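Spelled out from the first residue to the last, the chains are:
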Amino acid sequence: MRQSHVKNERGMALAVAIFALVVIGALVAGVFYASSLELRSGRNSIYATQAEQAAETGPMTVLAAWDQYALNNMAVGGNTLIGTYTAGRPDLTYKVDVTRLNDQLFLISSLGARYDASGAELARNSVATLARLSFVKATAKAAVTVTKPVKFNGNSFELNGN
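Residues numbered from 1 in each chain as written. Predicted model: local features only at pLDDT ≥ 70, side-chain atom pairs only at ≥ 80, totals over all residues. Heavy atoms only, no water.

(A) Molecular detail of the overall build of the protein. Counting its regular elements, the protein contains 2 helices and 4 strands. Classification of the 162 residues of the protein by burial places 19% in the buried group. For the protein, restricting intrachain contacts to residue pairs at least 6 apart in sequence, the fraction spanning at least 24 positions comes to 46%. About 13,000 Å² of surface is accessible on the protein, with carbon and sulfur atoms providing 58% of the total. (Helix = DSSP H or I, 4+ residues; strand = E, 2+ residues; numbered from the N terminus. Buried < 20%, exposed > 50% of the residue type's maximum accessible area, 1.4 Å probe, protein only. Contact = heavy atoms within 4.5 Å. Areas by Shrake-Rupley, 256 points an atom, 1.4 Å probe, with all protein chains shown as cover.)

Shown next, in the form of structure tokens:
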């Protein structure tokens, strides 16, 4: 019986070393790709959250400074663009409009956006709020009604009980 022995194994270490370098390089490239993908998705989540917060500013601003003359006298089905504003920073904006749905209901919609330094839009989000007019019905039996005694100081006033 004859056994064959390979006596010349020179160069085998070079092939194994090159193969190991290729495998390690592929692993490192995969880690870099995964980390850059994670970084971009995290940054996009921040941009989307900032756009949502800018959009939420719109309805709250309109409700806080309700223009009774313009909005209460709007026709049913009418739509009014309140305006486009920056939300504290020049790269965050929101656009608000109000639509009257019926005699008492209003739809306040706001579109928030986040921009980069060159003006390209990075994220956009919209928010809508329903607002209802409520009228206070109060019966007043006097101009001023108090529950505790009133103390007057000084002498520059006159009190008439009629």
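That shown, we press on.
(B) Broad picture of the nonpolar core. Residues V62, L71, M74, Y94, V96, V98, F106, I108, A131 and L133 constitute the largest nonpolar core, which totals 10 residues. Looking at this core, the elements with two or more residues in it are strand 2 (92–100) and strand 3 (105–115). Each residue touching V62, except ones within four places of it in the same chain, is listed here: L71, I82, V96, V98 and I108. (Core = buried A, V, L, I, M, F, W, Y, C linked by side-chain atoms within 4.5 Å.)

(C) Just the pairing of strand 4 (residues 121–132), in detail. Examined bridge by bridge, strand 3 and strand 4 share 11 bridges and lie antiparallel to one another. In the sheet register, S110 faces strand 4, and the bridge partner there is V127. Hairpin remark: strand 3 followed by strand 4, antiparallel, with 5 residues in the connecting loop; positive phi at G119, about 95 degrees. (Pairing = 2+ DSSP bridges.)

(D) Layout of the pattern of salt bridges. Scanning the entire structure with this criterion turns up 3 salt bridges. The partner of D91 in a salt bridge is R89, with the nearest N and O atoms 2.8 Å apart. By relative accessible area, D91 is classed as buried at 17%. Residues D91 and R114 are paired through a salt bridge, measuring 3.1 Å at the closest nitrogen-oxygen approach. Residue D91 is located in the loop between strand 1 (79–86) and strand 2, and its partner R114 is located in strand 3; the two are separated by 23 residues in the primary sequence. In this structure, D91 and R114 share a single accessibility class: buried. Several salt bridges converge on common partners, so that one network encompasses R89, D91 and R114. (Salt bridge = Lys/Arg side-chain N within 4 Å of Asp/Glu carboxyl O.)

(E) How the structure looks around the pairing of strand 1. Where strand 1 meets strand 2, 7 bridges bridge the pair, whose relative direction is antiparallel. When the bridges of strand 2 are listed, Y85 appears paired with Y94. Between strand 1 and the antiparallel strand that follows it, strand 2, lie 5 residues; G88 among them carries a positive phi value of about 85 degrees.

(F) Looking closely at the sheet that holds strand 4. Within the open sheet, the 4 strands sit side by side as 1-2-3-4. Their pairing is antiparallel. Of all the strands in the sheet, just strand 1 and strand 4 have a single pairing partner and so form its edges. Across the sheet, the mean angle separating the axes of adjacent strands is 15 degrees when strand polarity is ignored. Packed onto the sheet, helix 1 (residues 12–64) meets strand 1, strand 2, strand 3 and strand 4 and runs at close to 30 degrees relative to strand 4. (Axes fitted to C-alpha atoms, helices over the stretch in contact; angles between N-to-C directions.)

(G) Local environment of the packing of aromatic side chains. This model, assessed by the stated rule, comprises 2 aromatic pairs. Consider the rings of W66 and F106, whose centres lie 5.1 Å apart with planes at 80 degrees: the pair is edge-to-face. With W66 in the loop between helix 1 and helix 2 (68–72) and F106 in strand 3, the pair connects residues that are 40 residues apart, well separated along the chain. Taking relative accessible area as the criterion, F106 reaches 0% and is therefore assigned buried. Note on Y85 and Y94: the rings are 5.5 Å apart at their centroids and 40 degrees apart in plane angle, and the pair reads as tilted. A relative accessible area of 35% means that Y85 is categorised as partly exposed. Assessed through its relative accessible area of 6%, Y94 is described here as buried. (Phe/Tyr/Trp six-rings, centres within 6.5 Å; stacked < 30°, edge-to-face > 60°.)

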